[in-house]
Amino acid sequence: MKLSSLGERVVVDNILKIISRVFPEGQLPLGDDAAAFKLGDSWIILKIDGSSASMSKYEFMSWYDFGWRVTVAAVTDVVVKGGRPLGVVSSIGIPKDMDESVVYEIVGGITDLTSSINSYVLGGDINESVSDVWVDVAVVGVTSRLVPALGLKPGDELLVDGCLGLSAIPYIIYLNKLDPTPWSDLLMKVWRVKPPVEFLSISDKVRVATDISDGLTSVNRLLELNNVGLLIDEIPLCDECLEFAKEVRVDVKDFMRYLGEEFRIVFTVGEGGLSSNY
C-alpha cells in the first residue's frame, strides 16, 4: 500500500511494532517524544528529527532559519523529557547543483541554536540528494529523572509554558498570498524560537509532559496515549496573533486550525504544584 494512502501516523505505529522487541525498557514508553536508557545513576535521552525543504521550508524562510528550526524540534523533545541537551549531530542532503552557501547557512543555524543552549555540535554527515534538501538532527541529553508522556489521570490539569499561535502566521501569509515583508520581525520570532530550556527548572515537579510540535494533534496523541479526554477552559493565544488577525482580517480561529510547530510544553504537575505562574 502506498504511503500516501496510509498517512504518517499509521506508518509510525507500524514502525513502532517492528522495533518494539529491541526498544529499551524504562520510564519512557514506545512512541514517547524521545527514548532513554539507564547509564549508571543517569538516564541518557536520544532524539532524532528531520525535515525536507519541499515540505517544511517557506520561500520567505532563510536556509539558516531552516537549520535552526529543525534543531529546535529535536532539542525540545529532549528537554520535555527532563533532559539537559549535551550534544547535537546532523545529516544534510543537498543536490550537487545547488550553491555551497546553502550548506553553510544550514550548518550556521544548527550551530548557533546549539550554542544558545550551551551545548556542543559533535559533527555530522553530508550527502548528495536527487532534487530536495533535507536535514536530520539528532540530540543526546542527560537527566536523573525522566518526565514521561504516560500517567495522566482524570481530574489532572494540563498547563502550557507560554502562549500559542505564532506558528500559524507563516502559513496564513502563504495561504493568503500576503507580502511577508511587513511581518519580518514577527516571522523572526517564529523562525528563531528558543528551545524551552527553562522547563528544566521545574521538571522535577512535573509528572507528565509533551511538546506541541504538531499543533493540537500533539495534545490529542497525549490524550489517546493516556485514554483520557480534555475539557479546554482557555487557549492562551499570543497577543501578536490577535494583532495580526485584526490587521490582515483573518478569523482568530485560524490560529488554532493552522497551529503547528509551537515547541511549547504541555504538562501536569504532581502534588504541591508550582510556585511559578504558567
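Criteria and cut-off values
- Note on numbering: residues in each chain are counted from 1, in written sequence order.
- In keeping with the model being predicted, local features are shown solely for residues with a pLDDT of at least 70 and side-chain atom pairs are shown and tallied solely at 80 or more, while totals for entire chains, interfaces and linings include all residues.
- Excluding hydrogens and water, the side-chain figures rest on all heavy atoms present in the structure.
- Relative accessible area decides the class of each residue, using a 1.4 Å probe on protein chains only: under 20% of the type maximum gives buried, over 50% gives exposed, and in between gives partly exposed.
- For helices the rule is a DSSP run of H or I covering at least 4 residues; for strands it is a run of E covering at least 2, with both sets numbered from the N terminus onward.
- For this quantity, the arc is that covered by the directions from the helix axis to the C-beta atoms.
- A patch consists of residues exposed above 30% relative accessible area that lack any salt bridge, with like charges linked at up to 9 Å and nonpolar side chains (Val, Leu, Ile, Met, Phe, Trp, Tyr) linked at up to 5 Å.
- Accessible surface area values rest on a Shrake-Rupley calculation with a 1.4 Å probe, where residue burial reflects the displayed protein chains alone.
- In what follows, salt bridge is the name for a side-chain nitrogen of Lys or Arg lying within 4 Å of a carboxyl oxygen of Asp or Glu.
- Residues belong to one nonpolar core when they are buried, are Ala, Val, Leu, Ile, Met, Phe, Trp, Tyr or Cys, and are joined through side-chain atoms within 4.5 Å.
- Whether two residues are in contact is decided by their heavy atoms, any of which lying within 4.5 Å being enough.
- Orientation is described by lines fitted to C-alpha atoms, with helices fitted over the stretch in contact, and by angles between N-to-C directions that extend from 0 to 180 degrees.
- Under this grouping Gly is polar, as are all residues other than the nonpolar Ala, Val, Leu, Ile, Met, Phe, Trp, Tyr, Cys and Pro and the charged Asp, Glu, Lys and Arg.
- Strands qualify as paired when DSSP identifies two bridges or more between them.

**Considerations on helix α9 (residues 239-248)**
Then, number 1: The set of residues buried in α9 consists of Cys 241, Phe 244 and Ala 245. All buried residues of α9 lie within an arc of 100 degrees about the axis, which places them on one face of the element. Facing away from the buried side of α9 by over 90 degrees, the exposed positions are Asp 239, Glu 243, Lys 246 and Glu 247.
Then, number 2: Within two residues after α9, Arg 249 carries a phi angle of roughly 60 degrees, on the positive side.

**Digging into a nonpolar patch on the surface**
Then, number 1: Taken together, the side chains of Ile 15, Ile 18, Ile 19 and Val 22 make up a nonpolar region of the molecular surface, amounting to roughly 380 Å² of accessible area.
Then, number 2: When you line up the elements, Ile 19 lands in helix α2 (residues 8-19).

**Here we look at the nonpolar core**
Then, number 1: Judged by nonpolar contacts, the single largest core of 43 residues is most densely connected at Ile 106, Val 135, Val 137, Phe 199, Val 206, Ala 209 and Phe 267.
Then, number 2: Listing elements by their share of this core, those giving two or more residues are β2 (42-52), α4 (63-79), β3 (84-94), α5 (100-116), β5 (134-143), β7 (206-212) and β8 (264-269).
Then, number 3: Take this core: its biggest share by element is 11 residues, from α4.
Then, number 4: Once residues lying within four places of it in the same chain are set aside, the contact partners of Ile 106 are Trp 63, Tyr 64, Gly 67, Ile 92, Val 133 and Val 135.
Then, number 5: Counting 31 residues, the second largest nonpolar core, distinct from the first, contains Leu 164, Leu 166, Ile 169 and Leu 223.

**Here's the deal with the packing of α4 against helix α7 (residues 184-191)**
Describing two packed helices takes the angle between their axes plus the distance from one axis to the other.
Then, number 1: α7 packs onto α4 with a crossing angle of 40 degrees between their chain directions and a minimal axis gap of 10 Å. Across from Asp 65, Trp 68 and Arg 69 in α4, the residues of α7 making contact are Met 188, Val 190 and Trp 191.
Then, number 2: Residues belonging to the contact of α4 with α7 are distributed by class as follows: four nonpolar, no polar and two charged.

**Focus on the sheet that holds strand β4 (residues 120-128)**
Then, number 1: One open sheet holds the five strands; their spatial order is β1-β2-β5-β3-β4, and the pairing between them is mixed. In this open sheet, the two strands that pair with only one neighbour each are β1 (35-39) and β4. Recorded for the sheet is a direction-independent mean angle of 15 degrees between the axes of neighbouring strands.
Then, number 2: Bridging between β3 and β5 involves nine bridges; their strand directions are antiparallel. If you follow Val 88 over to β5, its bridge partner there is Val 139.
Then, number 3: Docked against the sheet, α4 engages β2, β3 and β5, running at close to 150 degrees with respect to β2.

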